[in-house]
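# What the coordinates show
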Amino acid sequence: MRSIKDGITLEQIFKPGGILESQLPNYEHRPSQQVMAEAVLDAIANRHPLCVEAGTGTGKTLAYLIPSLFCNQRVIVSTATKNLQDQIFFKDIPFIRQHLFPNLSVTYMKGRQNYLCLKKFHEQQPQTEPHEAPEPWGSLSRWIQETETGDRSELSWMRDDDSLWRNLDARSDTCAGHKCSFYDQCYVTRMRQRALEADLIVVNHALFFANLALESDEIGHVLPGFSVLILDEAHEVEDIAANHFGKQISNYQVEEFCRNFRKVFSDSPESTHPLDQVQASSTAFFNSFPGLRGRYSLNLYQQPDGTTVDLRAEVLDSFQRLRQSLSGLYHSMEQQTDRPAEADPLIRNLDQMRVTLDAIFDLENSENVYWFENRARGVFLHVNPIEIAPILQQKLFSRADTTIFTSATLTTHNNFEYFKERLGIQEPKEVITPSEFNYLEQTMLYIPGSFPEPRSDHYLPRVIHDIQEILGMTQGYAFLLFTSFSQMNRVYEALREEIPFPLFRQGELPKNQLLETFRDTPHAVLCATSSFWQGVDVQGDALRAVIIDKLPFLVPTEPLVAARINWLEKEGANSFLRYSVPKAIITLKQGLGRLIRSRRDRGVLAVLDSRLRTRSYGKLFIESLPKCVITDNIDALRDFCRKNASKI
């Protein structure tokens, strides 16, 4: 049982002059942090859900970590980004152990694909003495002698897209479980054992919701039971949960299964005869879908002549042939009495593919969205729940004693109604912490009044003109955030020869490397899309402006978005005001939140979309943003920059 040093109270930790202020370098007392910590402690003590919007500067990780540890229950903290996971485990936890909970047991868990499979490594490594092994096998051999976790993040020399790792990782679809000869040494087994003994487990949303969806899968399930769940960056929960409670199958998945099958049964060619039928029927099935790149509805597919058809009915014959060939192979494998242990994951995969195909071709279920995607040579079929709230009620809220939701952006129009409705959170306590920043002094928001609307031919030239004006005021040091790759590329090409500042574009380098280069390059300007709207922290002089091209409404033709809109309309709701506008408000708040990250930061915010002023819904956006000076006058913006020249 974990214990706190010297019977310290929560107030002694967070009060002015308390432990945090006396022990953390450069720390200043934050009233908002203390408010949040007290709310978290109360929620856990009284077992009620809690929603907390805690703006940048609150110090929310310590505000939920510390009070959660006062209870002698297992706590899971789930985040959306690896950066926040790392901050919690490598920065916040050591401080908590040193000053508050010296015997705290903590485990950092990632998805299985992040860990090395020892069986695969020993099967595939060259048959040489370790000191004679060719690279990178020599480096991997030396690493295995040293690592305790088997986590690929320890391999700084390995690229993110290195194909070698994909052949060596511990993903569940190739795992033999207890039958594996390396089971006791397995890094995933060790991770599970550490989790069973841990007071606190730090995970990401993808792993957490994948485990909720896989709770009956002994191989895929890695999380132990818990009493308290803290979902940080909770504004992302709906989309991540919908993805993991859905199912997917692709031609790549079937092809990989066939390769693994031939490898396992390489010594008995007669066993692979049924596989030929699987491959033939799979090729015919996936080739029966339209070949246009992009994402499209399966059940409401619009043909070139404008008519709408259910593609599932159109390809039903090829589906049935594939389904029959998979079932034939499955039953032939089930009947084998002397099959190798490596065949067990193949049988699981076969069964999962059959279940997924049946779910996608369930023509009677109206609670799911069915869609397909073409990219490169891949055809991906998906089924996802339209509404995630009933699933969370059954799988999560009815089991956890306390669930805490927090983010810098959970409210729209200063309330949690949209967020609560989307997740089905019933009667939570609600806290909006006071801001630690003085936005009236630290920033000015430019929203042009007389400005072409985004669909106008005059829009792009005016966007480029105003961006150049603002960059001139701030001397670069800016994020240009776009709602689409095509718009980003058009503006990038237009600016490349026109501005005297270093110009970078998302995709030219890995994200972390691109951010590091941006921070280290004087006057840099970065063009980016959705992945840079959140989870990115650039403090100080390196970022003086955040410019957003237009309001970040979701694309209404995206299958899941369209299905949610139709669902709400069928219920008689105004889907634009109930879903589209609140979703865009939260995204806009995230994007603008990149600028002010400390009390010393100063800078310019700009949204080059006149609809904020000309449309009735514009006031909903403006009233949801931090209270700062708003102007439509470019000269007023120039005066602000001039007055703050020594600070930005």
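About the cut-offs
Counting of residues starts from 1 at the beginning of each chain's written sequence and follows it residue by residue. Residue-level local features of this predicted model are given only where pLDDT is at least 70; pairs of side-chain atoms are given and counted only at 80 or more, and the full residue set underlies all totals for whole chains, interfaces and linings. Neither water nor hydrogens contribute to the side-chain values; these are computed over all heavy atoms in the structure. Comment: elements are numbered from the N terminus, with helices defined as DSSP H or I runs of at least four residues and strands as E runs of at least two. Here the term buried applies to any residue with accessible area under 20% of the maximum for its type, exposed to any over 50%, and partly exposed to those in between, with areas from a 1.4 Å probe on protein chains only. Throughout, a residue-residue contact means that at least one pair of heavy atoms, one from each residue, lies within 4.5 Å. Note on ring pairs: Phe, Tyr and Trp rings are taken, using the six-membered ring of Trp, and paired if centres are within 6.5 Å. Classes follow the plane angle, with under 30 degrees stacked, over 60 edge-to-face and the rest tilted. A ring has a charge above it when a Lys NZ or an Arg CZ is no more than 6 Å from the ring centre and no more than 35 degrees off the ring normal. Any N or O atom pair separated by 3.5 Å or less is treated as a polar contact, with the protein-specific requirement of one donor-capable and one acceptor-capable atom, and with residues adjacent in sequence counted only for side-chain atom pairs. Nonpolar cores were defined as sets of buried Ala, Val, Leu, Ile, Met, Phe, Trp, Tyr and Cys residues, with membership established by side-chain atoms within 4.5 Å. Strand pairing requires that DSSP identify at least two bridges connecting the strands. Here the axes come from fitting lines to C-alpha atoms, over the contacting stretch only for helices, and the angles between their N-to-C directions go from 0 to 180 degrees.

## A few points about the side chain of R422
Summarising the element assignment, R422 is placed in helix α18 (residues 417-423). Classification of R422 as buried rests on a relative accessible area of 3%. Once residues within four sequence positions are removed from consideration, R422 is found in contact with E238, I386, E387, I388, A389, R564, L568 and Y579.

## Thoughts on the packing of aromatic side chains
Scanning all chains against the criterion turns up 29 aromatic pairs. In textbook terms, an aromatic cluster arises when at least three aromatic residues are bridged by ring pairs, as seen for F285, F286, F289, Y296, Y301, F319, F361 and F372. If you follow R375 out to its NZ or CZ, it ends over the ring of F380, 3.8 Å from the centre.

## Considerations on the side chain of T58
With respect to the element layout, T58 can be found in the loop between β1 (50-53) and α4 (60-68). Polar side-chain contacts of T58 include one of 2.6 Å to the backbone oxygen of G55. Not counting residues within four places of it along the chain, the set of residues in contact with T58 comprises R30, S32, Q33, M36, T433 and E436.

## Things to note about the nonpolar core
The biggest cluster of nonpolar side chains holds 58 residues, and the ones touching the most others in it are M109, L116, F208, F209, L392 and F405. Discounting residues that sit within four places of it in the chain, L392 has contacts with F209, A241, F245, F397 and L423. Counting 41 residues, the second largest nonpolar core, distinct from the first, contains L10, I66, V106 and I230.

## Structural notes on the sheet that holds strand β18 (residues 545-548)
Spatially, β16-β17-β15-β18-β19-β14-β20 is the arrangement adopted by the 7 strands of the open sheet, whose pairing is parallel. Among the strands making up the open sheet, the edge pair consists of β16 (503-505) and β20 (629-631). Taken pair by pair, the neighbouring strands of this sheet meet at an average axis angle of 20 degrees, ignoring direction. Examined bridge by bridge, strand β15 (residues 478-481) and strand β17 (residues 525-528) share 4 bridges and lie parallel to one another. Each residue of the ladder has a partner; that of L481, found in β17, is A528. The sheet strands contacting helix α24 (residues 575-592) are β15, β18 and β19 (603-607), and the helix crosses β18 at an angle near 150 degrees.

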